[in-house]
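Understanding the architecture of this molecule
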Amino acid sequence: MCAIQMTVTKVLLFAIAALFPWMAVSAATPFDTDVAPLLQKKCLPCHSEKGQANLDLRTESSILRGGKTGPAIQAGNSEHSLLIEKVVSKSMPPVGDKLTDDQISVLRNWVDHLTPAVQVTEADVLPIFQMRCVVCHGKRKQEGGLDLRTQASRLKGGKSGPAIVPGKPDASPVYQKIASGQMPPPKLLVENAVRPPTTAEVETIRKWISAGAPAVQSLPNEANSNRLVTEKDRQFWAFQPPVRPSVPAPRHASDVRNPIDAFLLQKLESKNLAFNTPAAKLTLLRRVYLDLTGLPPAPADVDAYSKDRRPDAYERLVDRLLESPRYGERWGKFWLDAAGYSDSEGIIDEDLVRGNAWRYRDYVIRAFNQDKPFNQFLTEQIAGDELVDYRHAKQLTPDLMEKLIATGFLRMTPDGTYSPSNGSLVERMDVISDELQVISSSVLGLTVGCARCHNHKYDPIPQRDYYRLSAILQSAYDPYDWVKPTERYLDYAPEGERKEAAAHNAPLEAEIAKLKAELELKAKPYREKFLAASTDKTIVIKEEDLIEKYPEFRMETADLRENIAQTKKKLVDKPQIRALYEMGGEPSQSYLLRRGEAQQLGEAVQPGVPTVLSVGLKPYEPAPPFPDSSGRRLALARWLTQPNHPLTTRVFVNRMWMHHFGRGIVASPSNFGRLGSAPSHPELLDWLATEFVKNDWSIKSMQRLMVTSAAYRQSSVITPDLEKLDPENALLSRMPLRRMDAEQIHDSILSVTEDLNPKAFGPPVAVETKPAGEVVAVGSNKEGFRRSIYVLQRRTTPLTLLEAFDLPPMSPNCIERAYSTVAPQALELTNSDGLRDRARYFAGRLIDEFPADPAKQVGRAYLQALGRPASPLEIKQALADIDRLANLWQDHLKSEKMDAPRATESRWFALSDLCRSLLSSAEFTYID
């Protein structure tokens, strides 16, 4: 009878709720009689013992425990319960009948009335203190002498005594001030990009103190990390150390110039193929010039190489190009792409320019020119500040400076956290995520970022491993004790630079101070009028407030404010180093973030590396090299540069191969995982990786091998057999025909027209937007016509020519570029004022050199632009075109000037048109 009455009562309650929703009629829903049968029918086929996502929905305790993404429900809060979200959105169950509204109401009612007795411990409140409090009461700042990071420091308290009184929340200053809304101080919320604690978080602190403020005795043991990665997972080829294979002996042994050819021929011969015919001498000359220096050969280079009959003429040429200072400018750019190099912060429309970022760019260029061993190059960039005890150094040496500058590698991704509106915990976590993307894609060749929200779906990378890797950076990038990017600089610079900058800025700063004093004088009466209307006499009235409130003030001070802005633009950056460095002290505790959400902290994690990468490797073991360093990043660098590391050498030699041959041996250069491409020549990849280490990690040695191989010297001609048997050129049966990348086009145009300023290093050339919208470098040929690597790399305003030809956005970095063929590229070459001016300058130089010989003018134009002599037919056709165009220009100039123009002027314009057509031609923009 009682059971019947209970059922009738529930039916009546549901009926009343449906008919009269404004009436708050509810009652707790029993789990065993109402909820369990519903879950049994709809959910348990997928979520019982060892269920999907490790979620077991058979009991209340297992539901509260949850799965991989955390608890399935929040007791007493159905609105924020994942289980309810899934059934309401109809995404669960994935198949079969979805839950009806009545069934969802049953689940909601059960969750909302669920109040399990769970003890609140320090582990529950520590994340709240980290997210809300330690910015003012932590490592770098301890307002009132209070540090809230540890149990001992909370009990010790600050100037006002202990912060907590165990068992007595109302007597605990921390709880009193948080519950009353005094803390965090409302005035500092925006400045520190902190959000106030939620009601639930305040209640958690109260419960914890009421329970005696129990402390966590030790962090959880992470030994169970290995159970998510099996020995079978570790057997995947990319997770095994490279093993040096024997060099094969192909049938066409006479075609072998070095071991690279032997490996390639072995595959080609299996398809009854061999290498293609050798490329023509001048074709190979232009190819290797553009490949190693990014610039075409000059006519003198073409002439000298054409006459060099020595059997090793090509090898000598390669050695000269590798020693050229232009080499580092070309190959350094590839690494800068991988690092996500930019001279601006991005994220915000302001796109704030980064002062001193160029020092890292110069470090990379110098490293490539010096052939710095790659293991040293990588170590300095990941942990240069942990290689030298710079804080206690007696002298600022070039070596010390270089190692600090190198850490700019991890300071290049977009970072708008200098702005309070973009500086919350979420945005800080995004910055760290981007830096992990840089490390994982450029060094490991793995899509580690896929594990930010859940275990990687395809590779054996648990979510825990993502946050262990993230924790390595936390001693420098602490999201709970954040340093704004505009303040994250080391105040180190050569004394000469300091004095030069100070001398330049001193009169400008004096002028700015004078102008600001005038502005303040004009603002004073308006500020006083503003304050008179307020009872809060401590309120700060900003200039922006006055401009918004008083239009007359805005108009009265417009010129003054513009003068201040223009004078500020003339200031030079204070010489500093944009570095990543240890913050000192114990970093905040790191946590796994449930579903990747910054405010959903899960279990605590310790610094570590991907569990699957352990075969044959020494373990990751951080040890402080100096008192102020944790050793976390240094340990990472040393773990990565072990000679037998499965990925570090493979990933880098594969990228070198891609840049030389157009396609990597692994065609997915940033993904060596299961969804990536299998290597086309696995034995060759391992031979290159081990050869790299054998040659002391010398990048130039590896490149010398690649570009002196018979494979590299092939023609790009495609025969029907090659198209049929090797359609994608995966076997490298020919050299691919490739379009120049954006920087090669830009720099080659300047080089061919003899406008290129060879100045290296230093602050970037500024850019400007022309009235027609074209973005160009600012300045004359003395400064503005430098190589593109020295032009300001601003995210919002890239050079138009570069953008048209697929300059990649650094968001956060780029490993492999896309190449398109679209109409805007032709339009840019046709309509660009910059290219028109360069072509006219080019034509003027030709006329000056050969004033009375049009045929020689044309011949030199071809040789200079295309790296080869013009044929007699090409010269004949070009001269006829120039005559025709000169007549058209004569008529046009006459109509414009209303008088008779000089014939030489019209021929100059006509020759300019020919030069422009050469610089826009496919033969110029493609590398054969």
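Remember, predicted model here, so these are calculated numbers, not experimental data.

This part is about the pattern of salt bridges. Under the defined criterion, the tally for this structure stands at 57 salt bridges. Here D385 ties to R633 by a salt bridge, and the two come within 2.8 Å at their closest N and O atoms. In this pair, D385 is assigned in the loop between helix 18 (374-383) and helix 19 (398-406) and R633 in helix 25 (residues 632-640), connecting sequence segments 248 residues apart. Per residue, the accessibility class of D385 equals that of R633, and both read buried. Residue D491 pairs with R498 through a salt bridge whose shortest N-O separation is 3.8 Å. Members of the salt-bridge network, linked through shared partners, are K372, E380, D399, E402 and K403.

Attention now moves to the pairing of strand 2 (residues 601-605). With four of its five residues buried, strand 2 lies for the most part within the structure. Where strand 1 (residues 590-593) meets strand 2, three bridges bridge the pair, whose relative direction is antiparallel. Paired with L593 across the bridge in strand 2 is L601.

What follows covers the nonpolar core. Within the largest apolar cluster, 134 residues are counted, with the highest numbers of intra-cluster contacts made by W335, Y360, L636, W657 and L688. Per-element accounting of this core gives the leading share, nine residues, to helix 20 (residues 425-444). Judged by nonpolar contacts, the second largest core, of 45 residues, contains L802, A804, A861 and L911.

On to the confidence of the model for the protein chain. Reading fine detail from the predicted coordinates is not recommended where pLDDT is low. With 94% of its residues at a pLDDT of 70 or more, the protein chain has an overall mean of 90. Low pLDDT, under 50, characterises residues 1-26; the stretch is placed with ten contacts to residues that sit more than four places away or in other chains.

Structurally, the position occupied by K403 is in helix 19. You can call K403 buried: its relative accessible area is 11%. A distance of 2.7 Å separates a polar atom in the side chain of K403 from a polar atom in the side chain of D399. Beyond its immediate stretch of four places on either side in the chain, K403 contacts E380, G384, D385, L387 and V388.

With respect to the secondary-structure elements, T649 resides in helix 26 (residues 648-661). According to the relative accessible area criterion, T649 is buried, its value standing at 1%. Excluding its chain neighbours within four sequence positions, the residues that come into contact with T649 are P242, A689, F692, V693 and W697.

Here we take up unusual backbone geometry. A cis amide bond links M92 to the next residue, P93, at an omega of -5°. Looking at the secondary structure, you find P93 in the loop between helix 4 (82-88) and helix 5 (101-112). The omega torsion across S811 and P812 is 0°, close enough to zero to call that bond cis. Among the secondary structure elements, P812 is positioned in the loop between helix 31 (800-804) and helix 32 (823-831). Here A213, not a glycine, exhibits a phi torsion of approximately 50°, which is positive. Tracing the chain through its elements places A213 in the loop between helix 10 (199-210) and helix 11 (231-234). Judged by its relative accessible area of 4%, A213 falls in the buried class. One non-glycine residue with positive phi stands out, namely D371, at about 55°.

Let us now look at the packing of helix 16 (residues 325-339) against helix 17 (residues 358-370). Where helix 16 meets helix 17, the closest approach of the two axes is 7 Å, and the angle between their N-to-C directions is 125°. Judged by the inter-axis angle, helix 16 sits oblique to helix 17. For helix 16 against helix 17, the interelement crossing comes out right-handed. In this structure, helix 16 contributes P325, Y327, G328, E329, W331, G332, W335, L336 and A339 to the contact, and helix 17 contributes Y360, R361, V364, I365, F368 and N369. In terms of residue class, the contact of helix 16 with helix 17 is built from ten nonpolar, three polar and two charged.

Where helix 12 (residues 259-270) contacts helix 27 (residues 682-694), the axes come no closer than 9 Å and their chain directions differ by 170°. Here helix 27 runs roughly antiparallel to helix 12, going by the angle between their axes. Contacts between helix 12 and helix 27 pair P259, I260, F263, L264 and K267 from the former with P682, E683, L684, W687 and L688 from the latter. Tallied by class, the residues present in the contact of helix 12 with helix 27 amount to eight nonpolar, no polar and two charged.

This next bit is on helix 13 (residues 281-293). When the terminal C-alpha atoms of helix 13 are compared, their 18 Å separation across 13 residues agrees well with the 18 Å that a helix rising 1.5 Å per residue should span. Within the span of helix 13, buried status applies to L284, L285, R286, R287, V288, Y289, L290, D291, L292 and T293. In the stretch just after helix 13, G294 is the one whose phi turns positive, near 75°.

Cut-off values and rules
- Residues numbered from 1 in each chain as written.
- Predicted model: local features only at pLDDT ≥ 70, side-chain atom pairs only at ≥ 80, totals over all residues.
- Heavy atoms only, no water.
- Salt bridge = Lys/Arg side-chain N within 4 Å of Asp/Glu carboxyl O.
- Helix = DSSP H or I, 4+ residues; strand = E, 2+ residues; numbered from the N terminus.
- Buried < 20%, exposed > 50% of the residue type's maximum accessible area, 1.4 Å probe, protein only.
- Pairing = 2+ DSSP bridges.
- Core = buried A, V, L, I, M, F, W, Y, C linked by side-chain atoms within 4.5 Å.
- pLDDT = per-residue confidence, 0-100.
- Contact = heavy atoms within 4.5 Å.
- Polar contact = N/O pair within 3.5 Å; in protein donor to acceptor, adjacent residues only side chain to side chain.
- Axes fitted to C-alpha atoms, helices over the stretch in contact; angles between N-to-C directions.
- Parallel < 35°, antiparallel > 145°, perpendicular 65-115°, else oblique.
- Left-handed = near helix turned anticlockwise from the far one by under 90°.
- Nonpolar A, V, L, I, M, F, W, Y, C, P; charged D, E, K, R; others polar.
- Expected span 1.5 Å × (residues − 1).

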